[in-house]
Every structure is written in structure tokens, then in C-alpha cells.
Amino acid sequence: MMLAVTSSAGTRLRAALLMLVAAVLSACATPVCCAPAPEKNPLEQALMLEGVNPASSALVIYRLEDEKVWASGGARIRERFTPASTSKIPHTLLAYESGAVTGPDERFEWDGQKRFVDSWNEDQTFGEAFQRSTVWIYQIVVPRIGATRLTEGLEAFDYGNADIGGPGQITRYWLEGPLAISATEQVEFLARLARRTLPLSARTYDLAVPVMVLERVEGWTLYGKTGWKSVEGEMDIGWFAGWVEQSAGDAPGTYAFALNMDMPGGMEEAPRRRAAVERALREIGALPPQS
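Residues numbered from 1 in each chain as written. Predicted model: local features only at pLDDT ≥ 70, side-chain atom pairs only at ≥ 80, totals over all residues. Heavy atoms only, no water.

The subject of this paragraph is the overall build of the protein. The number of helices and strands found in the protein is 10 helices and nine strands. Per-residue burial over the protein gives 52% buried out of 291 residues. Roughly 13000 Å² of accessible area belongs to the protein as shown, and the carbon and sulfur atoms make up 51% of that amount. (Helix = DSSP H or I, 4+ residues; strand = E, 2+ residues; numbered from the N terminus. Buried < 20%, exposed > 50% of the residue type's maximum accessible area, 1.4 Å probe, protein only. Areas by Shrake-Rupley, 256 points an atom, 1.4 Å probe, with all protein chains shown as cover.)

For helix 8 (residues 183–195), which comprises 13 residues, the first-to-last C-alpha distance of 18 Å matches the rise-based estimate of 18 Å (1.5 Å per residue) to within 8%. Turning to helix 8, its buried residues number three or more, namely Ala183, Thr184, Glu185, Gln186, Val187, Glu188, Phe189, Leu190, Ala191, Leu193 and Ala194. Phi for arginine 196, located one or two positions after helix 8, is positive at around 60 degrees. (Expected span 1.5 Å × (residues − 1).)

Another aspect to go through is the pairing of strand 9 (residues 253–262). Among the 10 residues that make up strand 9, nine are buried, leaving the element largely enclosed by the rest of the structure. With seven bridges joining them, strand 2 (residues 57–63) and strand 9 adopt antiparallel strand pairing. Within strand 9, the residue paired with serine 57 across the bridge is methionine 261. Sheet topology places strand 8 (residues 237–246) next to strand 9; 10 bridges connect them, and they run antiparallel. Bridging from a neighbouring strand, tryptophan 243 pairs with alanine 256 of strand 9. Taking the residues between adjacent antiparallel strands as the criterion, strand 8 and strand 9 are bridged by six residues, where glycine 249 takes a positive phi near 80 degrees. (Pairing = 2+ DSSP bridges.)

Don't take any of this as a statement about function, it's just geometry.
Take a look at the structure:
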């Protein structure tokens, strides 16, 4: 489903998404005999082709230039989930803005403890820690920022519920909760980041944004971060959130996106997160066709 938004950035996006959800619910309530033939949703098609169930996922894409929104997931697009490693985006911004980290080249010495991701088990820079999603380094950095600055920063970003919990949760709140955010809220936050309208210094943007690049070819750049929330006794949740800047193709522009999805198969399903979003972006012209 697609919608062009005409009314002031975050407020307009929220209004558009509420209208989308209302339209979906209204369509569900229409008697079959009276309902028009359903319009194919390109996002749902992309999700299914990559093995992601549209009924247990939410995907939102927002083009900044004309405020067009694409969405799949019904009411789930506004349901909050623990952000897991997608929180490394706001945490990186706050680390630089607060001075908790000097820059992407600051090095962290490995403590010798073997962890389940091989690339975590060595000394590395803060920039590498973002790209490798090295949890133990962020568990050092986040307490450095401090609870007050974290709460103020997340609230200023309108980052979900901005809830970091109590002192004992300072190294886990983004992995297990209580911090939670919806796909819609992720997109609102990322749109402000892409526009550089978050309350941050130019230096913070200059330090943080380059390490968020996942892929760059002539005409487009993909920024983003995956996430995997895994808590015993709860459904695993996978995330992929970021934005695309495209200057080529039939639909140039900047596209903020966020996907969350149930992952009953755990990490075996992890590759589907990025694959599904990239297929959806190609479907709407935000990325070039696969060669």
C-alpha cells in the first residue's frame, strides 16, 4: 500500500501511517461481495519471496523528498519491540556527542573472553565495533555516556519509549528491554538522522554516519544496522533498519526503512532480514535491479 503525505516531517509521517493502518482495518471489515480486488502490496510480495511472513513482520519505507510511505504489517508497524543491535545507531551518536568515545578510531582492548562471534574476539576500534556489532564494546561505552545523558538523548531522538531501566540494566536494556521501539518510530528517527535534523553537532554526524555505510556503488549508498533480540522463553525478533541515498535510477531520493520480524528459527533466519528489505527497496525503485 502506498500513500503520499502532504502535511510537517515526523507528524506527517505518523499521520500517514495511522491512515495506512486504518485503511487496512477498514478493508478487512468490508464484506467480500462489496470489496474491490485487493491491490498487490510490493512489500508483502518481497517479504514472501525471501521467506518472511508478512503476518509476523512489519516493514515501513519512507521517501523523504515527497513523503511517500510504503508499509506491510498492519497494526504491527506501531508495535514496539526491543531494538537489539539497531540501537547501536543512537548509541553511537550519543557516544560521540557526549565525548564518551573520541572517534571511530578509538581502540578497545579485548578482555580475552571467548564470545560466540569470532570477530568480537580481538582488539578493535569503535568504528569496527559498529560494523561487527560487537556487543561487549558497547557494554563498555554505554555506561560511560551515563544514565541521565542516555535518557535525555533517547527522548530528544523520540526513540521509542526511551526507557533504559534501572542501574542494573545499563548494559542490557537494549538487548532484553525495557527499551522498545516500533518500525514506524525507527523510520521517524532515521529520517531525522538522514536529514541531519537531530539535536547533534556537525562533528557527531561527520564521525558517525560514514561507519554506518553498508554498501556503496555509483549512484546509491546503503546505510544501516541489523539486530537480533534473543531472550530465553520469548520469540526471537530480527531487525534491519537504515536508509538509502539514491541519485540514479527512475526513483532518486532518500528512503528510510525499518523491518522487524519474528524469527522462530533463530539465527538461521538472520540472512532474511537484509535480503527481504533489499528486495522490497528494489521493488519500489529505491535500489537498482540485481544484475
